[in-house]
Amino acid sequence: MPVSEKTSSEKSAPSILLLGDDEAYGAIAAAGFATTWTGWPEGSVLLAHQPFDLVVACTAHAADSLPICHAIRRQSTIPLIFLINGATRQDRIAALDAGADDCLSQPFDISELVARIRTLLRRSKTCGASGHDMHGLRFENWRINPRRRLVYDPAGRSIPLTAAEFDMLLAFCLNPGRVMTRAELLDFAHVGVGKPGERSVDVHIRRLRSKIERNPRHPEFVKTIRLGGYMFTAVVDRDHLT
């Protein structure tokens, strides 16, 4: 079965890969984004061979979103928004927990979807630009390359982080020893434009801990501060970028 694709004519615009239901295609393309629509798993092939700035994935059932999210995260840290038919609050949190950067329930407000896309694209562009002249960072033999948005564990292995997870780790490393509220972390990472709001930070922090902590249940680096937020306790030094 051939892959169905629709691409807007604005080639210089940010490129969006839309997976699944094409209901959102018209709104995304009309907003000026270069939009390609296809199904899954054909989208996985496109994602591996073509440069995109963001993925919008639509699923009819919440259970369908998780394997797609896991598959995308195995190959890319690209900003990812899910549109799930009739998604509950728990469904949205589960999508975030699986690695999505944002999640909306269908039917959705078109203007809200476009706003969330722009927010995620702005975050990626801003973090990329701010990281261009930034020194590398090191804590407990972990290394962060803000320019390339890469994280390496003490063994030198690259650890895949979602866009939101990377932004929050970078925020912590730029503010070690200081309590950061959920609102501050949301502002730095530009996640959770709408519901579930500040509580989406907890989901991203839980995922981040699972990747950088020896024992995520008893974190050494990212501490929860009661009625405050979170604090990064490791000593952070500058590192030479290669």
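It should be emphasised that the depicted structure is a prediction, and the values quoted were computed from it without experimental measurement.

Scoring rules and cut-offs
- Residues numbered from 1 in each chain as written.
- Predicted model: local features only at pLDDT ≥ 70, side-chain atom pairs only at ≥ 80, totals over all residues.
- Heavy atoms only, no water.
- Helix = DSSP H or I, 4+ residues; strand = E, 2+ residues; numbered from the N terminus.
- Buried < 20%, exposed > 50% of the residue type's maximum accessible area, 1.4 Å probe, protein only.
- Areas by Shrake-Rupley, 256 points an atom, 1.4 Å probe, with all protein chains shown as cover.
- Disulfide = S-S within 2.5 Å.
- Expected span 1.5 Å × (residues − 1).
- Contact = heavy atoms within 4.5 Å.
- Pairing = 2+ DSSP bridges.
- Axes fitted to C-alpha atoms, helices over the stretch in contact; angles between N-to-C directions.
- Right-handed = clockwise from strand over helix to strand, strands pointing away.
- Parallel < 35°, antiparallel > 145°, perpendicular 65-115°, else oblique.
- Polar contact = N/O pair within 3.5 Å; in protein donor to acceptor, adjacent residues only side chain to side chain.

A.B. asks: Tell me what's going on with the overall build of the protein, and back it up with residues and numbers.
C.D. replies: Along the protein, the regular secondary structure elements total eight helices and 12 strands. The proportion of buried residues among the 242 residues of the protein is 50%. Accessible area for the protein stands at about 11,700 Å²; split by element, carbon and sulfur atoms hold 52% of it.

A.B. asks: Can you tell me about the state of the cysteines, naming the residues and giving the values?
C.D. replies: Following the criterion strictly, the structure yields zero disulfides and no others. You can see cysteine 69 has no disulfide; the closest cysteine sulfur is in cysteine 103, sitting 9.2 Å from it. According to the relative accessible area criterion, cysteine 69 is buried, its value standing at 1%.

A.B. asks: Go over helix H6 (residues 163-174), please, and point to the residues and values.
C.D. replies: A rise of 1.5 Å per residue sets the reference length of H6, with its 12 residues, at 16 Å; its end C-alpha atoms lie 17 Å apart and thus fit the reference within 8%. Among the 12 residues in H6, 11 count as buried, and that is most of the element. Among all positions in H6, only Ala163, Ala164, Glu165, Phe166, Asp167, Met168, Leu169, Leu170, Ala171, Phe172 and Cys173 are buried.

A.B. asks: Requested: an account of helix H4 (residues 89-98), with residues and values cited.
C.D. replies: If you check which residues of H4 are buried, you get Arg92, Ile93, Ala95, Leu96 and Ala98. Where H4 is buried, its residues contact helix H3 (62-75), strand S4 (80-85), strand S5 (102-106) and helix H8 (200-212). Looking at the residues trailing H4, positive phi occurs at glycine 99, about 125°.

A.B. asks: Tell me about the sheet that holds strand S10 (residues 222-225), residues and numbers included.
C.D. replies: Two modes of strand pairing occur in sheets, parallel and antiparallel, and in both the strands are linked by backbone hydrogen bonds. Taken in spatial order, the three strands make up an open sheet running S9-S11-S10, and their pairing is antiparallel. Every interior strand has two partners, whereas the edge strands, strand S9 (179-180) and S10, have only one. Direction of pairing for S10 relative to strand S11 (residues 229-232): antiparallel, over a ladder of four bridges. Bridge pairing in S11 places valine 222 opposite phenylalanine 232. Across the sheet, H6 touches S9, S10 and S11, and the angle it forms with S11 is around 65°. Lying over the sheet, H8 contacts S10 and S11, oriented at roughly 145° with respect to S10.

A.B. asks: Describe the pairing of S4, and please don't skip the residues or the numbers.
C.D. replies: In terms of burial, S4 is a largely internal element, five of the six residues being buried. Pairing geometry for strand S3 (residues 54-59) and S4, over five bridges, is parallel. Paired with valine 56 across the two strands is isoleucine 81, which belongs to S4. On the question of chirality, the crossover connecting S4 to the parallel S5 by way of H4 is right-handed.

A.B. asks: Can you break down the packing of H6 against H8 residue by residue, with the values?
C.D. replies: Orientation of H6 relative to H8, taken along the N-to-C sense of each, is 80°, at an axis distance of 9 Å. By the angle between their directions, the pair H6 and H8 is classed as roughly perpendicular. Seen from H6, the contacting residues are Ala164, Glu165, Met168, Leu169 and Phe172; seen from H8, they are Val201, His204, Ile205, Arg207, Leu208, Lys211 and Ile212.

A.B. asks: Explain the environment of isoleucine 110 residue by residue, including any values.
C.D. replies: Tracing the sequence through the fold places isoleucine 110 in helix H5 (residues 110-132). When the C-alpha atoms of isoleucine 110 and alanine 24 are compared, they prove to be 7.7 Å apart, with 86 residues separating the residues in sequence.

A.B. asks: Outline the environment of lysine 211, listing residues and values.
C.D. replies: In this fold, lysine 211 is placed in helix H8. With 58 residues separating them in the primary sequence, lysine 211 and aspartate 153 have C-alpha atoms 9.4 Å apart. There is a polar contact of 2.8 Å between the side chain of lysine 211 and the side chain of glutamate 165.

Note that every value here comes from positions in space, so none of it alone points to a role or purpose.
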